[in-house]
Amino acid sequence: MTAKLIKGTDIREEILDEITKEVAEIKEKYNQVPGLVTILVGENPASVSYVTLKVKTAERVGFKEIQDNQPEDISEADLLALIDKYNKDDSIHGILVQLPLPKHVDEKKVLNAIDPDKDVDGFHPVNVGRLMIGGDEVKFPPCTPAGIQEMIVRAGVETSGAEVVVVGRSNIVGKPIANMMVQKGPGANSTVTIVHTRTKDLEGHCKRADILIVAAGVPGLVKPEWIKPGACVIDVGVNRVGEKISEKTGRKVAILRGDVDFDAAKEIAGAITPVPGGVGPMTITMLLFNTLESARRHLSAGV
Ligand code: NAP
């Protein structure tokens, strides 16, 4: 069997087109567009390239996008004051602080200072709590898990009653996606198991999965024989396993592999995401979707 490929690059284009249309409608109705600020402290190269892509994508869909670059030695008090300024700015509907922050700044304190109603990353404890309650309480599902769920739904995979096994229990992927899939509602209603390094029979659990979501950060962890024939496999892992020269640019680029042995797994799974080009492109996409939703809520409430 050759699995259906669930391409994040294609789904991203669909969603960005939908967002662009909705931004035009919002502009027509309120004479305003969604506003997103990204605060970048220092010049960590990975953060700079990620933020640059975020800015470019936000501009493409017609958002007001502010990239607020701050020096590495900014004090915690100044950073908190900056967040307070954007919390009070009615033209800003989403605030994102790029991690990691320098050591002299308390990351938790900074993230918790973001108004939960503008926390488009969904990491504020209030939004984590709302996600746990589910239904109408959810304001900002965290972006990577939201992207995973969207891919499963758009690929037409049945989630209701499905056995979902999530490999990994991190706060940014494993725990939230498990929580989302177990909720009552469309795109969910699944029976969920979370596995991790202390799990006794990893292989046995994976073999039961109708939907296998792998977010471990271990290249090739999931072997093809662990996959139930016809299962949907979502590979979240992004692992640098070497370098090569890009044919397009002639520059050195990283060779990326997922947590699943893709070439063998695609002959057994019913549907599978590639790495790269699978879950990766969905994170920024869902960040923009969360910002759009935030703008809609703020503008319809007149704030
Ligand atoms: P993380 O915080 O390191 O968590 C990894 C989880 O996997 C942990 O819960 C760990 O278990 C579990 N794990 C590790 N090795 C395992 C093994 N041999 N058997 C069973 N479980 C194992 O990682 P993360 O932040 O969730 O990220 C996971 C992967 O997804 C990484 O490759 C990351 O780069 C990628 N990622 C991609 C995106 C994207 O594409 N947009 C976004 C986020 C993350 P313990 O808790 O027991 O240690």
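That block above? That's the structure.
What counts as what
Residues numbered from 1 in each chain as written. Predicted model: local features only at pLDDT ≥ 70, side-chain atom pairs only at ≥ 80, totals over all residues. Heavy atoms only, no water. Near = heavy atom within 4 Å. Polar contact = N/O pair within 3.5 Å; in protein donor to acceptor, adjacent residues only side chain to side chain. Areas by Shrake-Rupley, 256 points an atom, 1.4 Å probe, with all protein chains shown as cover. Nonpolar A, V, L, I, M, F, W, Y, C, P; charged D, E, K, R; others polar. Helix = DSSP H or I, 4+ residues; strand = E, 2+ residues; numbered from the N terminus. Buried < 20%, exposed > 50% of the residue type's maximum accessible area, 1.4 Å probe, protein only. Core = buried A, V, L, I, M, F, W, Y, C linked by side-chain atoms within 4.5 Å. Contact = heavy atoms within 4.5 Å. Right-handed = clockwise from strand over helix to strand, strands pointing away. Pairing = 2+ DSSP bridges. Expected span 1.5 Å × (residues − 1). Axes fitted to C-alpha atoms, helices over the stretch in contact; angles between N-to-C directions.

(A) Seen up close, the site of the ligand. Around the ligand, the structure places 20 residues, and the nearest of them are Arg 169, Ser 170, Thr 197, Val 238 and Thr 283. With respect to the ligand, the side chain of Thr 197 contributes an N or O atom lying 2.4 Å from an oxygen atom. Take Val 236: an N or O atom from its main chain is 3.4 Å from an oxygen atom of the ligand. Summarising the interface, the protein chains cover 69% of the accessible area of the ligand, which totals 920 Å² for the free molecule. Broken down by class, the residue content of the shell around the ligand amounts to 9 nonpolar, 10 polar and 1 charged.

(B) Layout of the side chain of Thr 193. Looking at where Thr 193 falls in the secondary structure, it is placed in strand E6 (residues 191–195). For Thr 193, a relative accessible area of 17% gives the class buried. At a separation of 3.5 Å, a polar atom in the side chain of Thr 193 contacts the side chain of Arg 208.

(C) Looking closely at the nonpolar core. Counting 46 residues, the largest nonpolar core has Ile 19, Phe 63, Ile 148, Ile 213, Ile 234 and Leu 288 as the members making the most contacts within it. Put simply, the parts of the chain that give this core at least two residues each are helix H1 (8–30), helix H6 (143–154), strand E5 (163–167), helix H7 (174–182), strand E7 (211–214), strand E8 (232–235) and helix H10 (282–300). The element best represented in this core is H10, accounting for 8 residues. Discounting residues that sit within four places of it in the chain, Ile 213 has contacts with Ile 148, Ile 152, Val 164, Val 165, Val 166, Val 167, Ile 177, Met 181, Ile 234 and Val 236. Listed in part, the 19 residues of the second largest apolar core include Leu 221, Trp 226, Ile 227 and Ala 269.

(D) Spotlight on unusual backbone geometry. Following Leu 99, the chain continues to Pro 100 via a peptide bond in cis, the omega torsion being 0 degrees. Inspection of the secondary structure assignment puts Pro 100 in the loop between strand E4 (94–97) and helix H4 (107–113). Put simply, Val 275 and Pro 276 share a cis peptide bond, and its omega is 0 degrees. Not every positive phi belongs to a glycine, and Asn 31 is a case in point at roughly 55 degrees. Relative to the elements of secondary structure, Asn 31 occurs in the loop between H1 and strand E2 (35–41). Of note, the phi angle at Asn 189 is positive, near 60 degrees, even though the residue is not glycine. Here Asn 189 lies in the loop between H7 and E6. Using a relative accessible area of 33% as the deciding quantity, one classes Asn 189 as partly exposed.

(E) Highlighting the pairing of E2. In terms of burial, E2 is a largely internal element, 7 of the 7 residues being buried. In E2, alternate side chains face the same way, and those of Gly 35, Val 37, Ile 39 and Val 41 on one face and Leu 36, Thr 38 and Leu 40 on the other are all buried. Of the crossover connections in this fold, the one passing from E2 over helix H2 (residues 45–60) to the parallel strand E3 (residues 64–70) is right-handed. Relative to E4, E2 runs parallel, the two sharing 4 bridges. Directly across from Thr 38, in E4, lies its bridge partner Leu 96.

(F) Spatial organisation of H10. With 19 residues, H10 should reach 27 Å at 1.5 Å per residue; the first-to-last C-alpha distance of 27 Å fits that figure. The element H10 is extensively covered by neighbouring structure, given that 14 of its 19 residues are classed as buried. Backbone geometry just downstream of H10 places Gly 302 in the positive-phi region, at approximately 75 degrees.

(G) Highlighting the sheet that holds E3. Overall, parallel pairing links the 3 strands, which are arranged E3-E2-E4 in an open sheet. Strand pairing shows two members of the sheet lacking a second neighbour, E3 and E4, which therefore form its edges. Between one strand axis and the next, the sheet turns by 15 degrees as a mean value, whatever way the strands run. Those strands touched by H2 are E2, E3 and E4, and its axis lies near 165 degrees from that of E2. The sheet strands contacting H10 are E2 and E4, and the helix crosses E2 at an angle near 130 degrees.

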